[in-house]
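# Examination of the molecular architecture
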Amino acid sequence: MIRTEHPTPDTLDLAAIRARHTLLLLDLLWDGDLARVDISRELGLSRSAISSIVTELISVGLVQEVGTRGSGGVGRRATLLNLNTRAAALLAIDLGASHARVDVLDLHCQSLASLTVPHDIVSGPQATYDLLTDLSAQVMQAADISADQIALVGIGVPGPVDHDTGRVVLPPNMPGWDGEDIREALQRRLNLEVLVDNDANLGALAEARFGAHRGTQDLIYVKAATGIGAGVLLGGRLHRGMRGGAGEIGHISINEQGPVGRSGNPGSLESYAAAQVLVTLARSLRAAGAPTTLPTPISLNDLLNHANTDPLARAVWEEAGHHLGVAISTTMNLFNPEAVIIGGRLAQAGDVLLAAIRASAHGRTMRINVDRTRIELGTLGVHAGVLGAGAMMLDSLFTPRGLPHLYAISRLAQGESSAGRDPASRAPPAGPSPPRPAETHPAPLPAAQTSPNRTTRTVSHGGTP
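Let me sum up the structure you'll find in this document. (Residues numbered from 1 in each chain as written. Predicted model: local features only at pLDDT ≥ 70, side-chain atom pairs only at ≥ 80, totals over all residues. Heavy atoms only, no water.)

### Some words on the pattern of salt bridges
Once the charged atoms of two side chains with opposite charge are near each other, the side chains can pair. Tallied over the full model, the rule gives 15 salt bridges. With a shortest N-O distance of 2.9 Å, Asp162 and Arg243 are connected by a salt bridge. Here the residue Asp162 occupies a position in the loop between strand 7 (150-157) and helix 5 (182-190), and Arg243 occupies one in the loop between strand 11 (237-238) and helix 7 (270-273), the gap between them amounting to 81 residues. (Salt bridge = Lys/Arg side-chain N within 4 Å of Asp/Glu carboxyl O. Helix = DSSP H or I, 4+ residues; strand = E, 2+ residues; numbered from the N terminus.)

### Remarks on the sheet that holds strand 10 (residues 228-234)
With mixed pairing, five strands are arranged side by side in an open sheet as 11-10-9-12-13. Two strands close off the open sheet at either side, each with one partner strand: strand 11 and strand 13 (374-377). Bridge count for strand 9 (residues 219-224) against strand 10 is six bridges, and the pairing is antiparallel. In the strand pairing of strand 10, Ala224 is matched with Ile228. (Pairing = 2+ DSSP bridges.)

### Overview of the nonpolar core
In terms of nonpolar packing, the biggest core is built from 55 residues, with Leu25, Leu29, Ile39, Leu57, Leu62, Leu90 and Leu406 touching the most fellow members. With nine residues, the top contributor of residues to this core is helix 13 (residues 384-397). Setting aside its immediate chain neighbours within four residues, Leu62 contacts Leu57, Asn82, Leu83, Asn84, Ala87, Leu107, Leu406, Tyr407 and Ser410. Formed by 40 residues, the second largest nonpolar core is a distinct cluster that contains Ala224, Val232, Ile328 and Val352. (Core = buried A, V, L, I, M, F, W, Y, C linked by side-chain atoms within 4.5 Å. Buried < 20%, exposed > 50% of the residue type's maximum accessible area, 1.4 Å probe, protein only. Contact = heavy atoms within 4.5 Å.)

### Digging into the packing of aromatic side chains
To describe a pair of aromatic rings, you give the distance between the ring centres and the angle between the ring planes. Tallied over the entire structure, the rule returns two aromatic pairs. Taking the centre distance of 6.3 Å and the plane angle of 40° together, the rings of Trp30 and Phe210 count as tilted. In this pair, Trp30 is assigned in helix 1 (residues 9-31) and Phe210 in helix 6 (residues 199-210), connecting sequence segments 180 residues apart. Like Phe210, Trp30 is buried. Look at Tyr129 and Trp177: their rings are 5.9 Å apart centre to centre, the planes differ by 80°, and that puts the pair in the edge-to-face class. Of this pair, Tyr129 sits in helix 4 (residues 125-143) while Trp177 sits in the loop between strand 7 and helix 5, placing them 48 residues apart in sequence. Just as Tyr129 is buried, Trp177 falls in that class too. Against the face of Trp30 rests Arg209, its NZ or CZ located 5.7 Å from the ring centre. (Phe/Tyr/Trp six-rings, centres within 6.5 Å; stacked < 30°, edge-to-face > 60°. Lys NZ or Arg CZ within 6 Å of the ring centre and 35° of its normal.)

### Section: the pairing of strand 9
With respect to burial, strand 9 is a largely interior element, six of its six residues being buried. The sheet contact formed by strand 9 and strand 12 (residues 339-343) spans five bridges and is parallel. Within strand 12, the position partnered with Ile220 by the bridge is Val340.

### Concerning helix 4
Spanning 19 residues, helix 4 covers 26 Å between terminal C-alpha atoms, matching the ideal 27 Å at 1.5 Å per step. Listed in full, the buried residues belonging to helix 4 are Pro125, Thr128, Tyr129, Leu131, Leu132, Leu135, Ser136, Val139, Met140 and Ala143. Angular distribution of buried residues about the axis of helix 4 spans 160°; they occupy a single face of the element. Buried-residue contacts for helix 4 involve strand 4 (89-95), strand 5 (99-105), strand 6 (111-118), strand 7 and helix 5. Asp144 occupies a position one or two residues after helix 4 and carries a positive phi of about 60°. (Expected span 1.5 Å × (residues − 1). Arc of directions from axis to C-beta.)

### Here we look at the pairing of strand 3 (residues 78-83)
Here strand 3 lies mainly inside the structure; five of its six residues are buried. Bridge count for strand 1 (residues 34-35) against strand 3 is two bridges, and the pairing is antiparallel. Paired with Ala35 across the strands is Leu80, a residue of strand 3. Pairing of strand 2 (residues 63-69) with strand 3 involves five bridges; the strand directions are antiparallel. Bridge pairing links Arg69 to Ala78 in strand 3.

### What about helix 6?
In this model helix 6 runs 16 Å from its N-terminal to its C-terminal C-alpha over twelve residues, within 8% of the 16 Å that 1.5 Å per residue would give. Most of helix 6 sits inside the fold, with twelve of its twelve residues counted as buried. Every buried residue belonging to helix 6 is among Asp199, Ala200, Asn201, Leu202, Gly203, Ala204, Leu205, Ala206, Glu207, Ala208, Arg209 and Phe210, and all of these are buried. Capping of helix 6 at its N-terminal end is provided by Asn198; its side-chain oxygen lies 2.9 Å from the backbone amide nitrogen of Ala200. (Polar contact = N/O pair within 3.5 Å; in protein donor to acceptor, adjacent residues only side chain to side chain.)

### Quick notes on the layout of surface pockets
There is about 990 Å³ of room inside the largest pocket. Residue lining of the largest pocket: 49 residues in total, with His99, Lys223, Ala225, Gly344 and Arg345 positioned closest to the centre. Elements supplying a minimum of two residues to the lining of the largest pocket: strand 5, helix 6, strand 9, strand 10, helix 8 (275-287), strand 12 and helix 13. Grouping the constituent residues of the lining of the largest pocket by class yields 18 nonpolar, 21 polar and ten charged. (1 Å grid on protein atoms, 1.4 Å probe; cavity = no way out; pocket = protein on both sides within 12 Å on 5 of 7 lines; lining within 4 Å. Points joined across faces, edges and corners; volume = space filled by probe spheres on them. Nonpolar A, V, L, I, M, F, W, Y, C, P; charged D, E, K, R; others polar.)

### Topic: unusual backbone geometry
For the bond from Thr296 to Pro297, the omega torsion is -10°, close enough to zero to count as cis. With respect to the secondary-structure elements, Pro297 resides in the loop between helix 8 and helix 9 (300-305). Unusually for a residue other than glycine, Asp144 sits at a positive phi of about 60°.

Fair warning: the whole summary comes from geometry, so function is off the table for now.
This is the structure in structure tokens:
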């Protein structure tokens, strides 16, 4: 019989406490450079305890010393510490109904290289995986990043995802994808650990961490595009439900006698306000004699570009906003959020859509649930998908389970071997579980994202994805 020696409870507790202190320290440095004395004061730990953790972080390359600052009086100048955001890289994938985007991000979710191409999700899983594999190779080459430096891959998809398995489940806007295990398929293709979630969920993470409402604890992000979905953040944590299907606002019936949408539900929100439905509505209005200067045939771009100037376009967006507001009022009465953020391509219609949503939602929501709730347009635009994927990956890496993996990647990034690690495996330590690119340079990220404020962080690094 083989005798296994188990660590004592005291040993486990000490290791867990040190990991927690390490994560809190990294959390502070993620927000800005600090001296050891600052960190000691913030965390309430002794200078010796802080120095021990800092020494370890410097040795693996996650933290570096970056100059000094005056003490403000007599005494030594304080050495500033900096989170090495290039210690590991993240591969963020935004897969939409009609596009695919892949970015290499640093640990601040700043884009180091980006590629975006048109892509029809209806082309199916294998064609999509081929494209994403090719784009990933190109974007890593453009960023001068090797696969060994990629800590995680995060992908958002326009359909419901079983969070435990990574499989999509009867996605109304992804025909041919039902039951597809996206996580496993991409892990085989890329030989990297992959996280998968619904695109609206990632939009909520992005807006809460990087957008104008960063730090908001109770937030609903509505992504309105080819389909309509919502990401729900409650108490600073993403509410996915039992399997990951929470937030499917597009399939709420706002008129039980209405037309049948893609999900098969009569009178669903998507049957009134999804992108193609609005194009059909605009063409019907023109045929009925509505005045307009829009070209023939009317496209979604025409409606977006002339939302505030053409009478027909304005009428379409006012109707869409009305229907969106009806569904949003339901979520406001259910969750009483601090903010409802409208994102996705339809948000490009701007103020005319927003005004109609507010009028409709405010008139249908109880006063206690509307008085202090802000309904606003998203501020991250086309970057919401990759930033949300980045936030999901950070929330996985900066945990007790993810920290050893982050250490290993950081060591590799500075040219050191990771003892005891199988070089053929790129997965974290065991635990719970092509068209020519349209853009070949780092995408400019919103200004609000580049200088995060410590007081407005949303999800603690101690959380789980």
